[in-house]
Amino acid sequence: MKNLPIIQAEEFIANALQANKVPAADAKIVAQLMVKSDLVGADGHGIFRLPAYIKRIRAGGINLNPNIHIEREHGATALINGDNALGHLVMNRAVDLAIEKVKQHSVCWVGSHFGNHSGAASVYVRKLAEHGYIGIYMAVGNANHMAPWGGIDLLLSTNPIAIAVPAGDHPIVLLDIATTVAAYGKVKVAAQKGESIPDTWMIDRNGQAITDPRKSSEGSLLPIGGYKGYGLAVMIGLLAGTLNNAAVGKDTIDFNAHHDLITNTGQTIIAVDPSAFGNQEQFVERVITLVNDLKASSRLPGVNEIRVPGDGAAKSMARRLQEGIPISPELKESLNQCAQECGIAALDL
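Report follows, based on the coordinates. (Residues numbered from 1 in each chain as written. Predicted model: local features only at pLDDT ≥ 70, side-chain atom pairs only at ≥ 80, totals over all residues. Heavy atoms only, no water.)

**Digging into the nonpolar core**
Counting residues in hydrophobic clusters, the biggest one holds 35 residues, and the most contacted among them are Phe12, Ile13, Leu17, Ile47, Leu50, Ile54 and Ile57. Put simply, the parts of the chain that give this core at least two residues each are helix 1 (6-19), helix 2 (24-39), helix 3 (50-58), strand 12 (325-327) and helix 10 (329-342). Listed in part, the 33 residues of the second largest apolar core include Val40, Ala85, Ala164 and Ile269. (Core = buried A, V, L, I, M, F, W, Y, C linked by side-chain atoms within 4.5 Å. Buried < 20%, exposed > 50% of the residue type's maximum accessible area, 1.4 Å probe, protein only. Helix = DSSP H or I, 4+ residues; strand = E, 2+ residues; numbered from the N terminus.)

So, in structure tokens, the structure goes:
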């Protein structure tokens, strides 16, 4: 395992995208946002996805000259039409609009449709928290990998949700989870490395555990918390998909299998200004107090520390900003094959 410096990673991604006719300014934005997924340890959502994105671009599944625009707007709400652009560009626009609206209304709800896969959910709520706002993100995943609780038909995706709460100079309190026990990206990474997956991640059509990630197409990801995770996935599908007139359920397109089809991905960003509820500084102090109380609480035998949501991402970001992104031999091979196809320089690691 070798590390790829951040600047080199961004340049590699941008060069590959530009080689496939993505405008330079857009390629730079996408590259930076993709690397932000890697920085926080979401390795299944960052540079790992580049070959798949290139396949979609080459197959005509992505609009490289989109008109990302506000389709509907009423007060503190808006619906963005992504015009089948690269998903990172759509969500970047959604977050920028959310920042504009929350300044005016103290709270806002921005939905989007006709987007695409846009990496880790945490990337977008983190930006809101860095501006002092509470951020909530929901999305319909780009392929159905989960059956209804007790069923076998794959009608739901991993449907992630992320919530970020600002904490002043302390690490942002940030939860970023799929509604499945594991994100499908982790299954794909394990398959690439030739590793097995835990027997708690997936089951086959007979309810038996799947541990070989290469057989993932034969089964269903399990929801977090049993039927509760299933219920959460349904509600996120309604709020990020149905409400936005985006694909959900049987209409969801598997972007892993159909590189040329429009996915009509639905996503939602909610922003809240804490100062609407009281003094901003006092709010941050209360956040920090709770975090400190949690971390200082008594531990079970064998537990070294109590962590709060966002701790792992903060540590990963600090380390990887200095050391770079870990690149496995398998990922290096995949990226260099992509580089060869794109006519750009291979990674020198």
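**Quick notes on the sheet that holds strand 9 (residues 209-210)**
Spatial strand order, 9-8-10: three strands in an open sheet with antiparallel pairing. If you trace the sheet from one side to the other, it starts and ends with strand 9 and strand 10 (219-221), each paired once. Two elements, strand 8 (residues 202-204) and strand 9, share two bridges in a ladder whose sense is antiparallel. Along strand 9, the bridge assignment pairs Ile203 with Ala209. (Pairing = 2+ DSSP bridges.)

**Things to note about the packing of aromatic side chains**
How two aromatic rings sit relative to each other is set out by the distance from centre to centre and by the angle between their planes. Scanning the model with the defined rule gives one aromatic pair in all. When the ring of Tyr124 is compared with that of Tyr137, the centres are 6.1 Å apart and the planes differ by 25°; the resulting orientation is stacked. Separated by 13 residues along the polypeptide, Tyr124 in helix 5 (residues 122-130) and Tyr137 in strand 5 (residues 134-139) bring together distant segments of the chain. On the accessibility criterion, Tyr124 (2% relative accessible area) is buried. (Phe/Tyr/Trp six-rings, centres within 6.5 Å; stacked < 30°, edge-to-face > 60°.)

**Focus: the sheet that holds strand 6 (residues 161-165)**
Reading across from one edge, 2-3-4-11-5-6-7 is the order of the seven strands in this open sheet, with mixed pairing throughout. The outermost strands of the open sheet, each flanked by one partner alone, are strand 2 (69-74) and strand 7 (173-177). On average, each strand axis in the sheet is inclined to that of its neighbour by 10°, with strand direction left out of account. Inspection of the sheet shows strand 2 paired to strand 3 (residues 77-81) by five bridges, in the antiparallel sense. Each residue of the ladder has a partner; that of His69, found in strand 3, is Asn81. Against the sheet, helix 4 (residues 87-105) contacts strand 2, strand 3, strand 4 (107-115), strand 5 and strand 11 (265-272), and its axis sits at roughly 160° relative to strand 4. Running over the sheet, helix 5 touches strand 5, strand 6, strand 7 and strand 11 and is turned about 20° from strand 6. (Axes fitted to C-alpha atoms, helices over the stretch in contact; angles between N-to-C directions. Contact = heavy atoms within 4.5 Å.)

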